[in-house]
Amino acid sequence: TILAYSGIRAGDEFHKLVWEDVDFDNREITIRAANAKGGHGRTVGILPQVMSALKTMRANQSQESFPSQSTKVVPNSYGALWRVYSTWMNLAFDEGTKGLNPHKLRSFAINNMVNVENINLGTVVAWTGATLATIQKHYIKRDQKNLAQEKLDQIYRDYEGKQGGDDQKEAG
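Here the structure is a predicted model, which is why all the values come from computation and not from measurement. (Residues numbered from 1 in each chain as written. Predicted model: local features only at pLDDT ≥ 70, side-chain atom pairs only at ≥ 80, totals over all residues. Heavy atoms only, no water.)

1. Some thoughts on the packing of helix 6 (residues 121-128) against helix 7 (residues 132-139)
In step 1: Between helix 6 and helix 7, the shortest axis-to-axis distance is 9 Å and the interhelical angle comes to 95°. With respect to helix 7, the axis of helix 6 lies roughly perpendicular. Residues Leu121, Val124, Val125 and Thr128 of helix 6 touch helix 7, and the partners they reach there are Leu132, Ile135 and Gln136.
In step 2: Taken together, the residues of the contact of helix 6 with helix 7 break down into 5 nonpolar, 2 polar and no charged. (Axes fitted to C-alpha atoms, helices over the stretch in contact; angles between N-to-C directions. Helix = DSSP H or I, 4+ residues; strand = E, 2+ residues; numbered from the N terminus. Parallel < 35°, antiparallel > 145°, perpendicular 65-115°, else oblique. Contact = heavy atoms within 4.5 Å. Nonpolar A, V, L, I, M, F, W, Y, C, P; charged D, E, K, R; others polar.)

2. A word on the environment of glycine 45
In step 1: Turning to its location among the elements, glycine 45 is positioned in strand 3 (residues 42-45).
In step 2: What makes glycine 45 buried here is its relative accessible area of 9%.
In step 3: Considered as a pair, glycine 45 and aspartate 23 are 22 residues apart in the sequence and their alpha carbons are 9.6 Å apart.
In step 4: Beyond its immediate stretch of four places on either side in the chain, glycine 45 contacts Arg27 and Trp127. (Buried < 20%, exposed > 50% of the residue type's maximum accessible area, 1.4 Å probe, protein only.)

3. Quick notes on the pairing of strand 2 (residues 28-31)
In step 1: Side-chain alternation along strand 2 places Ile29 and Ile31 on a buried face and Glu28 and Thr30 on a face that remains uncovered.
In step 2: The pairing of strand 1 (residues 22-23) with strand 2 spans 2 bridges and is antiparallel. In the strand pairing of strand 2, aspartate 23 is matched with glutamate 28.
In step 3: Here strand 1 hands over to strand 2 after 4 residues, with arginine 27 in that stretch at a positive phi of 55°.
In step 4: Pairing analysis gives 4 bridges linking strand 2 to strand 3, with the strands arranged antiparallel. Each bridged residue has a counterpart across the sheet, and for isoleucine 31 the counterpart in strand 3 is arginine 42. (Pairing = 2+ DSSP bridges.)

4. Examining the pattern of salt bridges
In step 1: In total, this model carries 5 salt bridges according to the counting rule given.
In step 2: For arginine 32, the salt bridge identified is with glutamate 20, shortest N-O distance 2.9 Å. With arginine 32 in the loop between strand 2 and strand 3 and glutamate 20 in the loop between helix 2 (12-15) and strand 1, this residue pair connects regions lying 12 residues apart in the sequence.
In step 3: For arginine 32, a relative accessible area of 36% translates into the label partly exposed.
In step 4: Classification of glutamate 20 as exposed rests on a relative accessible area of 65%.
In step 5: Note that arginine 32 is salt-bridged to aspartate 21, the shortest N-O span being 2.9 Å. Within this pair, whereas arginine 32 is found in the loop between strand 2 and strand 3, its partner aspartate 21 is found in the loop between helix 2 and strand 1, the two being separated by 11 residues in sequence. (Salt bridge = Lys/Arg side-chain N within 4 Å of Asp/Glu carboxyl O.)

Pasting the structure below:
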């Protein structure tokens, strides 16, 4: 859930995330420069789905014993990794998805931010650490680009129609 709705990369950005990087009050996750691709830290907004998952993970960790790694969001223990893997495989088989991988979850997250949550592209760039060109080229699906273009065209036609109607009223 965190990967699918945050745009955080599955490598060091996710696996080295510690609880002190999660600000529940301000609904933000800090990605440290040392863990970020390209070495540039950033702040990621926490959407409701991510908030729920983080709160559940935090509550579960306090009930389990991970004494030396209790500050990590995703503990590096065999049991925790196995649970993540088996959940992942069950999801893949349940959904009938072939080739499901962390990069596709990032793609889903970015598409969700842009097309469902209506988060502006500047914010998506800041949250994900991807460039605008990369987001447009690799993450926004062609059908969604076409839909966006159709919406812009319709707005333009509506605007032109109103302008033409106003001109006719003034002429009459």
